[in-house]
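Chain residues, written in single-letter form:
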Amino acid sequence: MYLQIFKNRGKEYVRIVESFRDPVTKKPKIRVIQNFGNKEKLLAENPNALEELQKKVERMNAEKARQNGYALTQRLKDFLDTEAAIPTREGAPVQNYGYEIYQMIWDELKLDSFFQYRQRKDTKFQFQTKIPIALMTFSRLLFPESKLSTFEGKGRFAREFPCELEQMYRSLSFLAGQKNHLEEHLNKQISKKLNRNLAVAFYDVTTYYFESVLADDLKKFGYSKDNKVNQVQVVMGLLIDDQGIPVGYDLFPGNTNDFRTLEPVLLRMKEQYGIKKIVLVADRGLNSKGNLLFLKSLGFEYIMSFKIRSGSKKVKEMVLDESGYTYISPEFKWKKCEFQSFVRTKEKTHVLDDHLLITWSSKRAQKDRKDRERIIEKSKKLVESKSQLKAELKKGGKKYVQLTFLEDDHISFNEKQAEIDEQFDGYYAIQYSDPALSPEKVLEAYHGLWKIEESFRVLKSNFEARPIFVWTEESIKGHFVICYLALVIQRLLEYLLHTKGIDYSTEKIQDAIRSATITKVHLDGKEIFIKNKSDDVFSDILKAFGLEDIPAYGVKDKRTKTYLHTKK
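From a predicted model like this one, the values you see are computed outputs, not experimental measurements.

### Here's the deal with the sheet that holds strand β5 (residues 200-209)
Piece 1. Strand order in the open sheet formed by nine strands is β7-β6-β5-β8-β9-β15-β12-β11-β10, and the pairing between neighbours is mixed. Only two strands of the sheet have a single neighbouring strand rather than two, namely β7 (246-253) and β10 (326-329). In this sheet, neighbouring strand axes are inclined to one another by 25° on average, regardless of whether the strands run parallel or antiparallel.
Piece 2. Two elements, β10 and strand β11 (residues 332-344), share three bridges in a ladder whose sense is antiparallel.

This is the structure in structure tokens:
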């Protein structure tokens, strides 16, 4: 029921009405509960008449809800008394309504409109791709499984996903061709909502394996970051912003070196988004002179880890020279040094005038010492066994093994190399190009690399992006679009919660949303839900977004087709 002011012959009238659906035509209608006459006369008699009538409507709605609740309670009681004694093989389904939190982010990003537009423009599909794509995305966020299991488990959600398995696979192929368009759409929507700043961005590379040994143009054998040496894989380069929200990614054949991923990713980003200046933060695996020169040619700056132990004699002397260090405490010191390097290309030799920020910490020294002692122990064992050495040639234990071919393949322990390495325990260097950056800013930016490392962990562990169980190139690419979209939604949710003072891990948020379930029963031809106990974290999430949890039992709102509503 609600208070309605309507016009009749140029005059306004006031009444209380109620919406209902005509049982014959099935069309929505209203019925008049009470008339109050002319609005002007009503206010002349009582200036507060409208406010009082509004309160009256609220009391009437509350009373009706109470009566309906009592009636529903009685009907549920009767249902349980009669149905409990009837043997059955089927139980009442338990369904998740917590996914509506992710649906809220989906709607904010206007993804339904995007997929509808791209489908009309680029395909002749007769089914709505947004339905299987939403199913695959929400399932990747909450119940990551194979595409077949995802289809078979769609009843886990308190929502209908009217699609077929074949349509899911066809949607993967559709997504493969929409990857760049989707990235662009997501970044546009995120920039509108967050006033996104790409002054600092983080880039890294990882691998995803298949339970297969069949190689092709995309799936290839290569260096696996999951230690899966006997399986084919693909390589992913991922770029995120300073809040940990993804900006874009690219897939590469599984044998692609990390160095070779940076240029195509950033070139595409610059052309696609018109990025003029950015400070790229990356680990030492991407620090090659060619990459640094390329970044400079784009007008970008960089902050990258630098390998001291493989550096020049001059760099090592600079590290060990005690002059210039600033001691923050007995456990930590740093110094800033000018650092010049040369890059030869076909045309000429280029000079890179950079800076090295060299740091030392007692905590890192302890770690380096333990790591080295472990390798020394392994090296000494290898020295004692040639057969074991051959098996370990590709692993770290050979570092201090010295093989002399001129002396009948004599194997010995390289004591000198171990002593050289010991000098650099605790030292770490960061190479950066922008002289305007202070050491504090450089360290702060570099320490932000954990965000992208954690993004890879979430993709691999929480979303189970690998092993991959689709085999065609289009399906593989579509699978990663789903994983990427899930990561954007998850990270955006975490960012929005952070702005409201709530910082929970990805795992806790997922567990909380999974815990929000209902049990459905059919009563007098109606579908009634009974709320199951949910995680306390879920209540915090609802509170942060001003949402009201569902009652202990009730009926789904047919108007909004949702369970969660904004608090009144």
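### Observations regarding the side chain of Asp241
Piece 1. As for its placement among the helices and strands, Asp241 is situated in strand β6 (residues 233-241).
Piece 2. Its relative accessible area of 2% is what places Asp241 among the buried residues.
Piece 3. A polar contact of 2.9 Å, which involves the side chain of Asp241, links it to the backbone nitrogen of Ile245.
Piece 4. If sequence neighbours within four positions are ignored, Asp241 has contacts with Arg196, Asn197, Leu198, Val200, Phe202 and Val247.

### Quick notes on the pattern of salt bridges
Piece 1. Considering all chains together, one arrives at 30 salt bridges under this definition.
Piece 2. One salt bridge connects Glu12 with Lys39, and the closest N-O pair in it is separated by 3.3 Å. Pair noted here: Glu12 is in strand β2 (residues 11-21) and Lys39 is in helix α1 (residues 39-45), with a separation of 27 residues, a long-range link.
Piece 3. Judged by relative accessible area, which is 32%, Glu12 ranks as partly exposed.

### Description of the pairing of strand β8 (residues 279-282)
Piece 1. Both faces of β8 are covered, namely the face carrying Val279 and Val281 and the face carrying Leu280 and Ala282.
Piece 2. Bridge count between β5 and β8: four bridges; the pairing is parallel. In the sheet register, Val200 faces β8, and the bridge partner there is Val279.
Piece 3. Here β8 pairs with strand β9 (residues 301-306) via four bridges, running parallel. Opposite Val281, over in β9, you have Ile303 as the bridge partner.
Piece 4. In terms of handedness, the path from β8 via helix α9 (residues 289-297) over to β9 forms a crossover that is right-handed.

### Some words on unusual backbone geometry
Piece 1. With an omega of 0°, the peptide bond between Arg466 and Pro467 qualifies as cis.
Piece 2. With respect to the helices, strands and loops of the structure, Pro467 is situated in the loop between α15 (450-462) and α16 (473-499).
Piece 3. Phi is positive for Lys110, close to 55°, though the residue is something other than glycine.
Piece 4. Tracing the backbone shows Lys110 in the loop between α3 (100-108) and α4 (111-122).
Piece 5. Since its relative accessible area comes to 44%, Lys110 is described here as partly exposed.
Piece 6. Located in the positive-phi region is Asn227, a residue other than glycine, with phi close to 60°.
Piece 7. Structurally, the position occupied by Asn227 is in the loop between β5 and β6.
Piece 8. Given the relative accessible area of 66%, Asn227 is considered exposed.

### Here's the deal with the nonpolar core
Piece 1. The biggest cluster of nonpolar side chains holds 98 residues, and the ones touching the most others in it are Phe115 and Ile303.
Piece 2. Among the elements that line this core, the one with the most residues is α16, at 15 residues.
Piece 3. What Ile303 contacts, discounting residues up to four positions off in sequence, is Val279, Leu280, Val281, Ala282, Ile430, Gln431, Tyr432, Leu437, Val442, Ala445 and Tyr446.
Piece 4. Judged by nonpolar contacts, the second largest core, of 26 residues, contains Phe252, Phe294, Tyr302 and Val343.

### Brief notes about the packing of α3 against helix α5 (residues 130-142)
Piece 1. Orientation of α3 relative to α5, taken along the N-to-C sense of each, is 130°, at an axis distance of 11 Å. When the interaxial angle is binned, α3 and α5 end up oblique. Considering how the two elements wind past one another, α3 and α5 form a crossing that is right-handed. Here α3 contributes Tyr102, Gln103 and Trp106 to the contact with α5, which in turn contributes Lys130, Ile133, Ala134, Thr137, Phe138, Leu141 and Leu142.

### Quick look at a nonpolar patch on the surface
Piece 1. Together, Val213, Leu214 and Phe221 give the surface a local cluster of nonpolar side chains, amounting to about 320 Å² of exposed area.
Piece 2. Looking at the secondary structure, you find Leu214 in the loop between β5 and β6.
Piece 3. Of the residues examined, Leu214 reaches a relative accessible area of 62% and is grouped as exposed.

### What to know about the sheet that holds strand β4 (residues 94-96)
Piece 1. Overall, antiparallel pairing links the four strands, which are arranged β4-β16-β17-β19 in an open sheet. The outermost strands of the open sheet, each flanked by one partner alone, are β4 and β19 (553-554).
Piece 2. Strand direction decides the pairing type here: strand β17 (residues 526-531) and β19, joined by two bridges, are antiparallel. Bridged to Ile530 within β19 is Tyr553.

Basis of the calculations
- Residues numbered from 1 in each chain as written.
- Predicted model: local features only at pLDDT ≥ 70, side-chain atom pairs only at ≥ 80, totals over all residues.
- Heavy atoms only, no water.
- Pairing = 2+ DSSP bridges.
- Helix = DSSP H or I, 4+ residues; strand = E, 2+ residues; numbered from the N terminus.
- Axes fitted to C-alpha atoms, helices over the stretch in contact; angles between N-to-C directions.
- Buried < 20%, exposed > 50% of the residue type's maximum accessible area, 1.4 Å probe, protein only.
- Polar contact = N/O pair within 3.5 Å; in protein donor to acceptor, adjacent residues only side chain to side chain.
- Contact = heavy atoms within 4.5 Å.
- Salt bridge = Lys/Arg side-chain N within 4 Å of Asp/Glu carboxyl O.
- Right-handed = clockwise from strand over helix to strand, strands pointing away.
- Core = buried A, V, L, I, M, F, W, Y, C linked by side-chain atoms within 4.5 Å.
- Parallel < 35°, antiparallel > 145°, perpendicular 65-115°, else oblique.
- Left-handed = near helix turned anticlockwise from the far one by under 90°.
- Patch = residues over 30% accessible without salt bridge, like charges linked within 9 Å, V, L, I, M, F, W, Y side chains within 5 Å.
- Areas by Shrake-Rupley, 256 points an atom, 1.4 Å probe, with all protein chains shown as cover.

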